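Letter by letter, the chains look like this.
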Amino acid sequence: MGKGGQDEGKKGGLEPPTSNFPAWARTVHECEAEFVVSAHDGLRSEEVVKLREIYGLNELSKHSGPSIWQLVLEQFNDTLVRILLVAAVVSFVLAWYDGDEGGEMGITAFVEPLVIFLILIVNAIVGVWQENNAEKALEALKEIQSEHASVRRNGELIPNLPAKELVPGDIVELKVGDKVPADMRILHLISSTVRVEQASLTGENDAVNKTNHQVESEDIDIQGKECMVFAGTTVVNGSCICLVIQTGMNTEIGKIHSQIHEASQSEDDTPLKKKLNEFGEVLTAIIGVICAVVWLINVKYFLTWEYVDGWPRNFKFSFEKCTYYFEIAVALAVAAIPEGLPAVITTCLALGTRKMAQKNALVRKLPSVETLGCTTVICSDKTGTLTTNQMSAVRLVAMGRWADTLRTFKVDGTTYNPHDGIIHDWPTSNMDANLQMIAKIAAVCNDASVNHSAHQFVTSGMPTEAALKVLVEKMGLPGGYETSSLDSDEILRCCKWWNGKAQRVATLEFDRSRKSMGVIVKSKSGTNSLLVKGAVENLLERSAYVQLLDGSVVVLDDRSKSLILDALHKMSTTALRCLGFAYTDDLAEFATYDGEDHPAHKILLDPSNYSSIETGLVFVGLVGLRDPPRSEVYKAIEDCRAAGIRVMVITGDNKETAEAICRDIGVFTPDEEIHSKSLTGKGFMSMSSSDKKTLLRQSGGLLFSRAEPKHKQEIVRLLREDGEVVAMTGDGVNDAPALKMADIGIAMGIAGTEVAKEASDMVLADDNFSSIVAAVGEGRSIYNNMKAFIRYMISSNIGEVASIFLTAALGIPEGLIPVQLLWVNLVTDGPPATALGFNPPDKDIMKKPPRRSDDSLITAWILFRYMVIGLYVGIATVGIFIIWYTHGSFMGIDFSGDGHTLVTYSQLSNWGECSSWEGFKVSPFTAGARQFTFDANPCDYFQTGKVKAMTLSLSVLVAIEMFNSLNALSEDGSLLSMPPWANPWLLLAMSISFGLHFLILYVPFLAQVFGIVPLSFKEWLLVLAVAFPVILIDEVLKFVGRHTSSSGAKNWSAKHKDE
């Protein structure tokens, strides 16, 4: 913008040029000269065409997101998914290769790859759906842009020009209710005042007064640019003529749009996702090593050679047997991967979101539930989160019996509810004349209203004025008048009563120069008075008298003024916003004023006359107001401290007010030295990078006041670089980039903009800081439960790998086939793993420090424990397979009733040489309703004949995993201290899993698909006898773990005591 900017644009190509012209620090004449335009005529049509070629349309750019195919491919950028994909492809090829044989095993072979493909497809669909929602914050941002503008061009006013056609240099007229279409410099005020609601950009909840006067400094924050209006904000009072300075992506809202897009490009995986990826990589290496070992052990079966003259010759290769061991490698991959894990994690997180919703925390992105659990820093906004966002009066100072005495009343209450709190030491039945005058001015010189909506009290108008009306209700009525006689449905009954006593006939609107508002009122007796409220110092300057307790009026001397100013100073230092009250009955030409037809009305048309009207006032008292802290926040901050979570307050408010609130809520202690802990956003940004990091590493709370969006982003970026897990709260458009950048972005549900909500991971339904702390506790509990079921599922998989490895190493027939392992991993393990998500939380969960995001999911001790358990699973599943072939009874249980033939272990381990055995015969045996005979080929006993032994192996695996889920109830706690009924859902889940296993055993079609047969009662006794010891083994390991960890804890506490 400006001539220099235009030249640059013509040379520069596609990117719209940006301007460094500080319009806010230049006079109106200088701004018009810079853009070669006059406020009266506006731009000419040919100039508009040239400028649009340079700057383009006034709209936010559309960032093209990744295509649907890119999103699909991204879902396969995961180690576990890749292993599954390879396993599925290989098993499908092998099934196709074996397909000519047909029969039972042919059907089974195709079930496995199809199920794996189905898992991968569902996983990809869910992932793509989540990714597609990521850019919604940018769309929501576009909705707050203006659509039309009143523009002056070629000397004429165009009332409804599409806002996107604006160019820098355009002259725009703004009026009440307009959305500002671009960043603009105010040239002239049409009305006496202009107020703009810019909370979405700055976080300030009060509408801001605007002026056309330049500001002194070029380097100033948004709040300080009083002569500028910004795109996306709203005019709430007055009208003005403005000059467009910045359009499109160069506006403040355009910069936020760019920051949101940039932040969304650099979103990291959650701590759990990172750990699972690491686990997947380790798993890949382990599978590779085990497959290589299995092949090396069994190479003699598919590759043989003879030695001639000391050298290997006459190599013989069996493709069929090579394929068989390739199938074992696929089975290993299927066994090693917990296929059901993604589904169980999603279910657990979804259940967690329901629990959090009950605590007013609405989770938008499932992984956020887990990330919350390791939050180390909470960066919170002040207004509305730590405070109620409802102004309330807390001190009332009235004049005493003498001119040198004051009375101070403490006022309770933190909301707009008139019945919330009382005034201490209040003369209920005998309100004196001085207090009556304060009540009258507060009620009548006031444009706000309070309404009841959805179980809460809400205000329309200025929050400070609403707080004054609530104060009037707490003051009650003068003696002799009963509030019970008033309309019981009216919320502001006393205010209505006072307005009935004094009818307003004129308003002297507030302006920044005199810092006061006045109203001329006519009493029932017909006399006129002027009631004024405003900044205490300004009112004292225009006051000549003071009203005492009994209503008498005396001269305001220096002693009285000093006393009032001392009271003002005391309240201001505790961050109270103070307003004074004054009146006068001496109105000169306005003594008979009754409306627009009165001769004095023309004086009211010029706001510069208001100061001369408000002179010779009678000062009556003052009130201190503030946005009070939420009552529950102090306890929540204490909980954070106990949980090792640091709280940083980042606010757009001024430093003194923010410091007072932080002391009140416990971020700082009352006597704490906070010089190095309380900075402005600008002060922080001026520090060196190393100093910034040193500051952010301080223990305890920190405060950043007058913070802008870029400051919030810098704080979040540095914290994350330092390894902190950051939760950031926000409600405005200005907060969206930082919300997107933080590990957990938390938007406000009541006060929050749609942009903030769309950029966030979680929305607070009640805008309450304590809800964040409750959600962190819930997140920790959910993570602990997820850790329990992840370990449970991984330990089960270790057992399956051990089983297949032992099978291959011992050379016995395959005891578990891939489709059975898939069934166990997906279906049988699923219900218990999900039920572990319902484990009750530890009582001291918020007394422990947060886990580091790089903490190991599986420690060396846990891995050792599950290797022992896994080894037992392998021995038990392979052992029962061998026992069935080699024994007729075991542990006193006779299972020879089916008539199966016993063989020696040597025969079983060399079953591939069966065809060379002389006189080897096998008797028929029964399994359920079926009979198996082997007259044609006795060697088939080790293939189709292994169906009963396979069923026993599968049943032992299922039973062990059910018992193992009981072990997972607590990481180190014995089942005696945390019995199974501590989580009744787990008992139900075990019943479901056993029920599903019975289903595939006893439904003929399913039994055929899974290659199994029904078991007898005695065989079930054998299964349980072999499976139960897993509980005893883990109890011993837990006992060892408890004693080693307790000695470590004693050493840790002793070390910290010494420190």
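Residues numbered from 1 in each chain as written. Predicted model: local features only at pLDDT ≥ 70, side-chain atom pairs only at ≥ 80, totals over all residues. Heavy atoms only, no water.

Attention shifts here to the overall build of the protein. Of the regular secondary structure elements, the protein holds 37 helices and 34 strands. By the burial criterion, 54% of the 1059 residues in the protein qualify as buried. Taken as a whole, the protein presents about 46,000 Å² of accessible surface, with 57% of it coming from carbon and sulfur. (Helix = DSSP H or I, 4+ residues; strand = E, 2+ residues; numbered from the N terminus. Buried < 20%, exposed > 50% of the residue type's maximum accessible area, 1.4 Å probe, protein only. Areas by Shrake-Rupley, 256 points an atom, 1.4 Å probe, with all protein chains shown as cover.)

Further remarks concern the state of the cysteines. Taken as a whole and judged by the stated rule, the model has 1 disulfide. Between the sulfur atoms of Cys 914 and its disulfide partner Cys 939 the distance amounts to 2.0 Å. Handedness of the Cys 914-Cys 939 disulfide follows from its S-S torsion of about -95°: it is left-handed. Placement of the pair is Cys 914 in the loop between α32 (905-909) and β33 (925-927) and Cys 939 in the loop between β34 (930-932) and α33 (947-967), with a sequence separation of 25 residues. The structure places no disulfide on Cys 227, whose sulfur is separated from the nearest cysteine sulfur, that of Cys 31, by 7.3 Å. A relative accessible area of 0% means that Cys 227 is categorised as buried. In this structure Cys 242 is a free cysteine whose sulfur lies 3.6 Å from that of Cys 240, the closest cysteine sulfur available. Here Cys 242 falls in the buried class, since its relative accessible area comes to 0%. (Disulfide = S-S within 2.5 Å.)

Time to look at the sheet that holds strand β28 (residues 726-730). Taken in spatial order, the 8 strands make up an open sheet running β12-β30-β29-β28-β13-β25-β27-β26, and their pairing is mixed. Looking at the sheet topology across the chains shown, the edges are occupied by β12 (361-363) and β26 (678-680). Strand-to-strand twist of the sheet, defined as the mean angle between neighbouring strand axes without regard to direction, takes the value 20°. Where strand β25 (residues 646-650) meets strand β27 (residues 702-705), 3 bridges bridge the pair, whose relative direction is parallel. By the bridge assignment, Ile 650 is partnered in β27 with Phe 704. The strands touched by helix α25 (residues 709-721) are β13 (377-380), β25, β27 and β28; relative to β28, the strand with the most contacts, the crossing angle is about 165°. (Pairing = 2+ DSSP bridges. Axes fitted to C-alpha atoms, helices over the stretch in contact; angles between N-to-C directions. Contact = heavy atoms within 4.5 Å.)

If you trace the 6 strands from one edge of the open sheet to the other, you get β2-β1-β3-β9-β4-β7, paired in antiparallel fashion. Looking at strand neighbours, the two that pair on one side only are β2 (156-162) and β7 (228-229), the edges of this open sheet. Pairing of strand β3 (residues 171-174) with strand β9 (residues 240-246) involves 4 bridges; the strand directions are antiparallel. In the strand pairing of β9, Ile 171 is matched with Leu 243.

We now examine the packing of aromatic side chains. Taken as a whole and assessed by the stated rule, the structure comprises 24 aromatic pairs. Considering the side-chain rings of Phe 925 and Phe 934, the 6.1 Å spacing of their centres and the 25° angle between planes classify their relative orientation as stacked. Under the relative-accessibility criterion, Phe 925 is labelled buried at 0%. Taking the relative accessible area as the measure of exposure, Phe 934 reaches 4% and is therefore buried. With centroids separated by 5.7 Å and ring planes inclined at 85°, the aromatic side chains of Phe 963 and Phe 1028 adopt a geometry described as edge-to-face. Here Phe 963, found in helix α33, pairs with Phe 1028, found in the loop between α36 (1017-1027) and α37 (1029-1058); they are 65 residues apart in sequence, far enough to count as distant. (Phe/Tyr/Trp six-rings, centres within 6.5 Å; stacked < 30°, edge-to-face > 60°.)

UniProt feature "transmembrane region" (unreviewed entry): in the numbering of this structure it lies at residues 79-97, 109-129, 282-303, 323-351, 789-812, 858-885, 985-1007 and 1019-1037. Along residues 789-812 one finds 92% helix and 0% strand; the C-alpha atoms at either end are 32 Å apart. Taken end to end, residues 1019-1037 is 95% helix and 0% strand, and its first and last C-alpha atoms sit 29 Å apart. (UniProt positions renumbered as here; feature names shortened; annotations may be inferred.)

On to unusual backbone geometry. The phi dihedral of Ala 588 falls on the positive side, at around 50°, and the residue is not glycine. Among the secondary structure elements, Ala 588 is positioned in the loop between β23 (577-584) and α19 (601-604). If you check the backbone angles, Arg 706 has positive phi at about 50° while not being a glycine. Structurally, Arg 706 can be placed in the loop between β27 and α25.

Once that is clear, we can look at the side chain of Thr 901. Locating Thr 901 in the fold gives a position in the loop between β32 (893-894) and α32. A distance of 2.8 Å separates a polar side-chain atom of Thr 901 from the backbone nitrogen of Ser 923. Beyond its immediate chain neighbours, meaning those up to four positions away, Thr 901 contacts Tyr 885, Lys 921, Val 922, Ser 923 and Tyr 941. (Polar contact = N/O pair within 3.5 Å; in protein donor to acceptor, adjacent residues only side chain to side chain.)

Counting 145 residues, the largest nonpolar core has Phe 769 and Tyr 885 as the members making the most contacts within it. A total of 16 residues in this core trace back to one element, the largest contributor, which is helix α28 (residues 769-810). Among residues more than four places away in sequence, those in contact with Tyr 885 are Thr 901, Leu 902, Val 903, Leu 908, Tyr 941, Phe 942, Gly 945, Lys 946 and Ala 949. (Core = buried A, V, L, I, M, F, W, Y, C linked by side-chain atoms within 4.5 Å.)

Our focus in this paragraph is helix α3 (residues 45-55). Along α3, the residues classified as buried are Glu 47, Val 48, Leu 51, Ile 54 and Tyr 55. The buried residues of α3 occupy an angular sector of 120° when the element is viewed end-on, so they sit on one face. Turned more than 90 degrees from where α3 packs its buried face, Lys 50 and Glu 53 sit exposed. Count one or two residues on from α3 and you reach Gly 56, which has phi positive near 75°. (Arc of directions from axis to C-beta.)

This paragraph deals with the packing of helix α31 (residues 860-886) against α33. Each pair of packed helices gets described by two things: the angle between the helix axes and the distance between those axes. Where α31 contacts α33, the two axes come as close as 8 Å, and the packing angle between them is 150°. As summarised for this structure, α31 and α33 are arranged roughly antiparallel, according to the angle between their axes. Considering the relative orientation of α31 and α33, their crossing is right-handed. Residues Ile 869, Tyr 872, Val 873, Ala 876, Thr 877, Ile 880, Phe 881, Trp 884 and Tyr 885 of α31 touch α33, and the partners they reach there are Lys 948, Ala 949, Met 950, Leu 952, Ser 953, Val 956, Leu 957, Ile 960 and Asn 964. Classifying every residue of the contact of α31 with α33 gives 14 nonpolar, 3 polar and 1 charged. (Parallel < 35°, antiparallel > 145°, perpendicular 65-115°, else oblique. Left-handed = near helix turned anticlockwise from the far one by under 90°. Nonpolar A, V, L, I, M, F, W, Y, C, P; charged D, E, K, R; others polar.)

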